[in-house]
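Architecture at a glance
The chain contents come next:
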Amino acid sequence: MYTYDDIDQRLIDERVAQYRDQTRRYLAGDLTDDEYRPLRLQNGLYIQRHAPMLRIAVPYGLMNSRQLRKLADITRRYDKGYGHFSTRQNLQLNWPKLEDVPDILAELATVQMHGIQTSGSCIRAITTDQFAGIAPDEIVDPRPLIEILRQWSSFHPEFAGLPRKFKLAVSGSKQDRALVQAHDIGLEFYLDAENKIAIRVWVGGGLGRTPILGTVIREHLEWQHALTYCESILRVYNLYGRRDNAYKARIKILVKALGAEEFARQVEADWEHHKDSPSTITQAEFDRVASFFAPGRHATMPDQDAAFDAARASNPAFAAWAKRNVHSHKVPGYRAVTLSLKPTGIAPGDATAEQMEVMANLAEKYSFGELRVSHEQNIILADVKLGDLFTVWEIARVHGLATPNIGLLTDIICCPGGDFCSLANAKSIPIAQAIQEKFDDLDYLHDIGDLELNISGCMNSCGHHHIGHIGVLGVDKDGSEWYQITIGGKQGSDASIGTVIGPSFAAEEVPGVVSRLIETYIANRTEEERFIDTVRRLGIAPYKAHVYAKEAA
Amino acid sequence: MSNLIKNNAIVADEWTLITLPAPAEETVRKQAGKVVIFKITGESAATPEQISSTEIPEAAKIIVPLTVWQARKDELAARAARREVGIWLESFELLEDLINSVSDINSVPLIAIHFPRAVDGRGFSQATLLRTRYGYRNELRAIGDVLRDQLYFMNRCGFDAFSIRADRSAEDALASLRDFSDPYQGAVDNPLPVWRRHTRVAHHAAASGRVFTRSEDEVD
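Description of the structure in this document.

**Observations concerning unusual backbone geometry**
Residue and element names in this part refer to chain A. We note that S461 has phi near 65°; this positive angle belongs to a residue other than glycine. Within the chain, H464 stands out as a residue other than glycine whose phi angle is a positive 55°. Turning to its location among the elements, H464 is positioned in the loop between β17 (453-456) and β18 (470-477). In this structure H464 comes out as buried when scored by C-beta crowding, with 24 C-beta atoms within 10 Å.

Structure representation (structure tokens):
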């Protein structure tokens, strides 16, 4: 993974000093709340319901064992001994003290970490596929370009005061796992007709209050121009994005208002003026950054291991885990492992300091000392040898990290919700837990198969409910908490936004509603169909009929 | 004491900023129940009445609103020829209107861009475009809600003068121009990105321990 040199290190050290001074001035009364707010937000610090929340960047979800140990240490010393891995592939602390944050950032800087631009109206942390670099369907490893984009976007002076937050995602594989269509800018690597690597540029996607999938504004961009082209997109947005209404300030609203064609024309017109500027990426710089992600450290092995096969054959629990939590790898003899942060009864994405240390140790011993955070809020060990899988499973299981539910109904994506977040209309964690409790039968879960259930506590959609096969959205009705259900949403290359099935439900009704949706699926599915396929074939009518039948009776 | 920073020093301000009189009726606009703070780019900045009733003093050097400049150019022509008329624009005004209002942008001795609130970043792009696409070389001044924590960014976007908000110390603000010593990306102040300014190490060097990482091996 990328390692800082003295230039990177000096920048984050200077950031710590700058933020320490900003906080000092705020506490001394020299900065008002309104003046301090954008400064702390651009460093990931929110003021929340019970305490501030600090969002720590894990650039494109990639970190090493030493960093994760430091995070564990910080949660013990400055928080309550646990942290929350979020859908932005980063880590959130729920209980830091505002006046401790400069010290926390100084601690993070010792392991090349920070909270820069994890919040606020600026270019946010850039996200990608958690299987970048190892996925068999990968066309090009997106991480070198993302690292170049990360550096370019960090403290970018022109884009330090955008109308609203701005999120980029980069995908380098055939099947999109980076949600490029649901970001302000999505860069999608592909092979063109001449078999050359090119970038397809999506803009104007986003979930939130107005869920919209992005539009392609440039079908073919040479990677050398990624920075200058993004600069033009951001410039048009910075100048013309709406600032009169925060709900209409995302780039998607501008793209809709102008029309994608006109928006693209304005971008191209700006780009003409500077497209070959010094920000054009050189092959030498690309190669230098790519050297940090270069393959070649894997051993040469057969793609088969007798001990693994034997364990799978004799141990059904291990076999179930291997089926759901182990993923294919482009190098023979290796697999990626998802450590599930979704056991029943724990807030999805939460990990204790002890679990962080266990994961750090597992990574160090079995996976080149590196870990990844997925936007599904789990932790990935990307490079585990087949022969080590059983040991990894045994250790993970002891520490509650081996729930065999990846991609299943209980692998719920869930925002912190009303228990923590001051934006939330409703709680989301108790809903996730109630659903997990209702579907605690593993055999039934595996029979239901692939199913993504996403929960957001408000329409800001941090829990990505619009693209869940089943989406649950917390809404406020006359001061009480209700839940709206959507079905038919999907992430990926064939993404779609879910459809609301009807009037919303009280919290205690939600698990029952999910049951009825599943019953409808099981009654109607063909042999090969996943939940989402059946919804797409039948539409929402039969689901709706079954769910609301009870009320009628 | 002056609150103007120019070329990294606090200097006396030779210019008088001319503002529009308040409009006859101030309508409070609301969106989603909230008072609208920012205008949409391209909205008009002044009514004809405001423009015509703007008082232009006989002071030697003046900075006039773009709308006043556009409407009363003839009246200001002699002073402009003596390079005593600067122009300021709102964050929501169109840069193209300024460009189209002069035959040569470098005949304008001073352009100021107004930041209604520190978080309105449109001025960053306006400044960048003035310095790059339009080749403007004279004084570019940030006015309005100009606070020290924006200065580093403003400076990188091509501003060379900063009129610090009256209730804040320009002395303190000077320090923030040096918040970061070696930025990643190219910008107006230095178009070269970091990789064109320095030779940076690739991974093999990092692995052999030549890279400075603070807590592991404090060798540098």
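We are not done yet, so read on.
**Structural notes on the interface of chain A and chain B**
Taken residue by residue, the interface counts 48 residues in chain A and 50 residues in chain B. Every element with two or more residues in the side of chain A that touches chain B is listed here: α1 (6-27), α2 (33-41), α5 (143-153), α6 (226-240), α8 (260-274) and α9 (283-290) of chain A.

**Focus: the packing of helix α14 (residues 429-438) of chain A against helix α16 (residues 510-524) of chain A**
All names here are of chain A. Between α14 and α16, whose axes approach to 9 Å, the crossing angle comes to 50°. The angle between the axes of α14 and α16 places the two elements in the oblique class. Judged by the sense of rotation from one axis to the other, the crossing of α14 with α16 is right-handed. Side by side, α14 and α16 meet where I431, A434, I435 and K438 of the first sit next to V510, P511, V514 and S515 of the second.

**Observations concerning the environment of A:E509**
Note that A:E509 resides in the loop between β21 (505-506) and α16. Here the alpha-carbon distance between A:E509 and A:W482, two residues 27 residues apart in the chain, equals 9.7 Å.

**Concerning the sheet that holds strand β7 (residues 85-89) of chain B**
All names here are of chain B. Strand order in the open sheet formed by eight strands is β2-β1-β10-β9-β8-β7-β6-β3, and the pairing between neighbours is mixed. Because the sheet does not close on itself, it has two edges, and the strands there are β2 (9-11) and β3 (16-17). Taken together, the four bridges between strand β6 (residues 62-65) and β7 define a ladder with parallel strand orientation. Following the sheet pairing, I62 is matched in β7 by V85.

**Thoughts on helix α17 (residues 531-538) of chain A**
All names here are of chain A. For α17, the full list of buried residues reads F531, I532, T534 and V535. For α17, the angular spread of the buried residues around the axis is 160°, confining them to a single face. On its buried side, α17 packs onto β19 (480-487) and α16. At the exit of α17 stands G539, carrying a positive phi of roughly 80°.

**What to know about the sheet that holds strand β14 (residues 370-373) of chain A**
All names here are of chain A. Taken in spatial order, the five strands of this open sheet run β3-β14-β15-β12-β11, and their pairing is antiparallel. Taken across any chain shown, the strands that pair with only one partner, and hence form the sheet edges, are β3 (62-64) and β11 (326-327). Taken together, the three bridges between β3 and β14 define a ladder with antiparallel strand orientation. From the neighbouring strand, L62 faces β14, where its bridge partner is R372. Packed on one face of the sheet, helix α12 (residues 353-366) meets β12 (334-339), β14 and β15 (379-385) and runs near 25° to β15.

Each value, and the rule that gives it
Every chain's residues receive numbers from 1 upward, in the order its sequence appears when written. Chains and ligands are labelled sequentially in the order written, the chains with letters from A and the ligands with numbers from 1. For this predicted model, a pLDDT threshold of at least 70 governs which residues receive local features, and a threshold of 80 or more governs which side-chain atom pairs are given and counted, while totals over whole chains, interfaces and linings are taken from all residues. Runs of E in the DSSP output that reach at least two residues are strands. Runs of H or I that reach at least four are helices, and both are numbered from the N terminus. Partly exposed residues are those falling between the two cut-offs: more than 12 but fewer than 20 other C-beta atoms within 10 Å of their own, whereas 20 or more means buried and 12 or fewer means exposed, with C-beta atoms placed from the backbone. In this description, any two residues whose backbone-derived C-beta atoms lie within 7 Å of each other are considered to be in contact. An axis is simply a line fitted to the C-alpha atoms; with a helix, the fit covers only the stretch in contact. Between two such axes, the angle follows the N-to-C directions and lies from 0 to 180 degrees. For classification purposes, angles smaller than 35 degrees are called roughly parallel, those larger than 145 roughly antiparallel, those between 65 and 115 roughly perpendicular, and all remaining angles oblique. Handedness of a helix crossing follows the sense of rotation of the near helix relative to the far helix, less than a right angle counterclockwise being left-handed and clockwise being right-handed. Only strands that DSSP links by at least two bridges are regarded as paired with each other. Starting at the helix axis, one direction is taken to each C-beta atom, and the arc is that of these directions.

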